[in-house]
Amino acid sequence: MWQWFYKLGSPRHFYDMTTAFLPWLYGITFFLLIVGLVWGLGFAPPDYQMGDNYRIIYIHVPSASIAIGGYVMMACMAAMHMIWKIKMADIVAKVTAPVGGMFCALCLFSGSFWGKPTWGTYWIWDARITSTLILLFIYVGVAALRSAYDSESSGAKAASVLTLVGVVNLPIIRYSVDWWNTLHQSASNLSLRVEGTNPPEIWIPAFFMGFALFGIFLLAVILRSRNEILVREKRTQWVQDLLDRDVQEGLQRA
Amino acid sequence: MKSQRRTLNTTACLCAGLQRELLLALRSPGNTINPLMFFIIAVSLFPLGGGADTAYLSSIAPGVIWVTALLAVMLSMESLFRSDYEDGSLEQLLLSPQPLYFQLLAKVFGHWLVTGLPLVLLTPLLGLMLSLPVAGYMPLMLGLLLGTPTLNLIGAIGMALTVGLSRSGLLLAVLVLPLSIPVLVFGAGVVDAALNGLPVAGLLAVLGAILALALSLAPLAIGAALRISVN
Amino acid sequence: MPEFQFDGMQDFLAMGGYAFYVWISYLFFALVVAWNLIQPRIERRKLLQLHKARMQREAGLNKQRVTEQS
């Protein structure tokens, strides 16, 4: 078990393992995605209050949890990179920033198109929305800091420090925004909860979509990591051999 | 040889660092005055841009003063590490046998004394210009007194991360402003609460708690970041 | 077993009057998914093309060397 885990720390083993693992991940993800989409969009009954508009939750809620979970994952990778100097951890941390940021933007975007018919406005300064927006800012900051460095290793360390500072700060930001929101309860007290009261016909497709989006997140991170490995390890023999083989076979697939 | 080396104890080390900061500030007063000028000018833009109606101004005064103070602190951070980085004394600091943690603390505290504290002392004037109600002055100043050191510490992390880059001003803002949001929220909240006749002690305590957390953790992050930048 | 909630395609696309909001959200979702899965492929293709060019260059050099020696 641990052996397997340690091996993932080596770029070469990561690459080989994901080569075997990727087709399965593709299959499972697209199966879940198609079932979730068809069920969620067509077969789940309309909500008694929001009608068919609630169908946006099937992408909104999973993307929110991926945005947060992705940051936590990035912080773990940053810590592993800082403490044990694991190269692979930094590769994953690097590619997680844009992917997580994109899911964060998806969450905000779908949320605002959900809010317009339900709350009557695209944007309110609700506590959850505001802290998601700040999370997006932090994602952008981490990616911007890394790309500002010319040296890959300095950029990696700097981004790790910032990621860890961010993870200490995020709960405080969350708390402050909650407090601020209760103080300024001016616009509306329209917080909307989908969990709990809904029948299983509504939340089972959400389950499917949740895992499907998680699969897409994993796929994106793995595919980008593999490219990053090829770039960073391009001087090693195994990458050269691999590229030689792929070019000769005319393989264009990932 | 080791026994002959003169080692300073922590207090002396703190004092020496502080003394150096203050002396440097005295020799280049621009670093102190420019953030203050920015603070005053930026605040006076709000009536020009948003209208000089007294009621309107007093309603936005706490937020405007806090946001502008935050920006002024960010702009003042440039002088904290930049010249030290360029003349190599930052490297000396990292190599010196004294604990880095306390040296950095002294450095940031010294920087706060010459940029943050004048900012706090200047706020009554700006409150006057934005017709802040009388009840707001004390909470505003107390809040800034507790908040600006935290902003300095957070800004120092950002500055330490970007000091090695040639153009870091905008990047610094992108990194640091989201992290400063709690201070802004509670700082402006203190004034709001006071104007609405609510107790402010609890909120000041929260600001103090954030400061304590920043004091204990930020120097570690600053140190790690400086090691990366100096390399 | 859940059943289809809409009367035909037209009704499905109308989404009970929320067509604009639902479909634009799903469109953005589709874009995010597509970008996340396609961008790495484009990147990989570029890497392979670079490597191919290098291989050809090296092959050309080797050939030259062989002809010079003979």
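Given the structure is predicted, the values throughout are model-derived calculations rather than measurements. (Residues numbered from 1 in each chain as written. Chains lettered and ligands numbered in written order. Predicted model: local features only at pLDDT ≥ 70, side-chain atom pairs only at ≥ 80, totals over all residues.)

### Quick notes on the interface of chain A and chain B
Argument step 1. Contact with chain A, which involves 23 residues of that partner, is made by 21 residues of chain B.
Argument step 2. When grouped by side-chain class, the residues that make up the side of chain A that touches chain B number 17 nonpolar, five polar and one charged. (Contact = placed C-beta atoms within 7 Å. Nonpolar A, V, L, I, M, F, W, Y, C, P; charged D, E, K, R; others polar.)

### Digging into helix H2 (residues 11-43) of chain A
An α-helix turns once every 3.6 residues. As a result, residues three or four positions apart point the same way.
Argument step 1. Phe21 of chain A marks where H2 of chain A bends most, by close to 40°; the proline Pro23 of chain A follows one to four residues later.
Argument step 2. Contacts from the buried residues of H2 of chain A go to helix H1 (2-8), helix H3 (57-84), helix H4 (87-119) and helix H7 (200-232) of chain A. (Bend = angle between axes of the 7 residues up to and from the residue. Helix = DSSP H or I, 4+ residues; strand = E, 2+ residues; numbered from the N terminus.)

### Looking at the packing of helix H1 (residues 10-27) of chain B against helix H6 (residues 100-129) of chain B
In a packed pair of helices, the relevant descriptors are the angle between the two axes and the axis-to-axis distance.
All names here are of chain B.
Argument step 1. For the pair H1 and H6, interaxial distance at closest approach is 8 Å and the crossing angle is 35°. Of the two elements, H1 crosses H6, and the hand of that crossing is right-handed. Contacts from Thr10, Cys13, Leu14, Gly17, Leu18, Glu21, Leu22 and Ala25 of H1 reach H6 at Phe102, Gln103, Ala106, Lys107, Phe109, Gly110, His111, Leu113 and Val114.
Argument step 2. Grouping the constituent residues of the contact of H1 with H6 by class yields 10 nonpolar, five polar and two charged. (Axes fitted to C-alpha atoms, helices over the stretch in contact; angles between N-to-C directions. Left-handed = near helix turned anticlockwise from the far one by under 90°.)

### Examining the environment of Leu23 of chain B
Residues and elements named next belong to chain B.
Argument step 1. In this structure, Leu23 sits in helix H1.
Argument step 2. Taking the C-beta count within 10 Å as the criterion, Leu23 has 10 such neighbours and is therefore assigned exposed.
Argument step 3. Measuring from C-alpha to C-alpha, the distance between Leu23 and Gly110 comes to 9.8 Å, with 87 residues separating the pair along the chain. (Buried ≥ 20, exposed ≤ 12 C-beta atoms within 10 Å, placed from the backbone.)

### Overview of the nonpolar core
Argument step 1. In this structure, Val161 of chain A together with Ala156, Ile157, Ala160 and Ala225 of chain B are the most contacted members of the largest nonpolar core, which totals 145 residues.
Argument step 2. The element best represented in this core is H4 of chain A, accounting for 17 residues.
Argument step 3. Leaving out residues up to four positions away in the same chain, Ala160 of chain B has contacts with Phe81, Ile222, Ala225, Leu226 and Ser229 of chain B. (Core = buried A, V, L, I, M, F, W, Y, C linked by C-beta atoms within 7 Å.)

### As for the confidence of the model for chain B
Argument step 1. Mean pLDDT over chain B works out to 89, with 97% of the residues at or above the 70 mark.
Argument step 2. Across the assembled chains, the prediction reports ipTM 0.88 with pTM 0.89. (pLDDT = per-residue confidence, 0-100.)

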